[in-house]
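# Working through the structure, step by step
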Amino acid sequence: MKKVHVDTGQLRLIAQSLSEVNAERPSSPSAPGSLGAARVIGAFDEFDGYWSPALRAVSESVVSLREALASAADVYERRDADSAQAFTLGAPRAF
């Protein structure tokens, strides 16, 4: 029989750290001329047009991963509690 050990506290800690990593980032400079020449502003605007959707996609993926880790911790704890209860009730072992 194989034993599986899952540290649900660690799963939750990692999920929390992903929340912190995905915190609000500073927005693009908003003051006209703060970047310098018009050419620089144009280059930045072009970059920002590609960067913002990509950053949003990464942020959404981080949120999904955070939710999956928290959900996994919940499932492991619930299954462990269900197994423990089955043993205390004298249920036959299912494994």
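These notes cover the structure that comes with them. (Residues numbered from 1 in each chain as written. Predicted model: local features only at pLDDT ≥ 70, side-chain atom pairs only at ≥ 80, totals over all residues. Heavy atoms only, no water.)

In the structure shown here, the tally under the stated rule is 3 salt bridges. Between aspartate 74 and arginine 12 there is a salt bridge, and its shortest N-O distance comes to 2.7 Å. Of the two residues, aspartate 74 is situated in helix α2 (residues 38–88) and arginine 12 in helix α1 (residues 8–21); the sequence distance between them amounts to 62 residues. For aspartate 74, a relative accessible area of 37% puts it in the partly exposed group. Note that arginine 66 and glutamate 67 form a salt bridge whose closest N and O atoms lie 4.0 Å from each other. On the accessibility criterion, glutamate 67 (46% relative accessible area) is partly exposed. Where salt bridges share partners, they join Arg12, Asp74 and Glu77 into one cluster. (Salt bridge = Lys/Arg side-chain N within 4 Å of Asp/Glu carboxyl O. Helix = DSSP H or I, 4+ residues; strand = E, 2+ residues; numbered from the N terminus. Buried < 20%, exposed > 50% of the residue type's maximum accessible area, 1.4 Å probe, protein only.)

On to the side chain of threonine 8. Along the chain, threonine 8 turns up in helix α1. Side-chain polar atoms of threonine 8 contact the side chain of glutamate 77, separated by 2.8 Å. With sequence-adjacent residues up to four places away left out, threonine 8 is seen in contact with Ala73, Tyr76 and Glu77. (Polar contact = N/O pair within 3.5 Å; in protein donor to acceptor, adjacent residues only side chain to side chain. Contact = heavy atoms within 4.5 Å.)

This part is about the nonpolar core. In this structure, Leu11, Ala15, Leu18, Val62, Leu69 and Ala73 together form the largest nonpolar core, which totals 6 residues. Elements supplying a minimum of two residues to this core: α1 and α2. Beyond its immediate chain neighbours, meaning those up to four positions away, alanine 73 contacts Thr8, Leu11 and Arg12. (Core = buried A, V, L, I, M, F, W, Y, C linked by side-chain atoms within 4.5 Å.)

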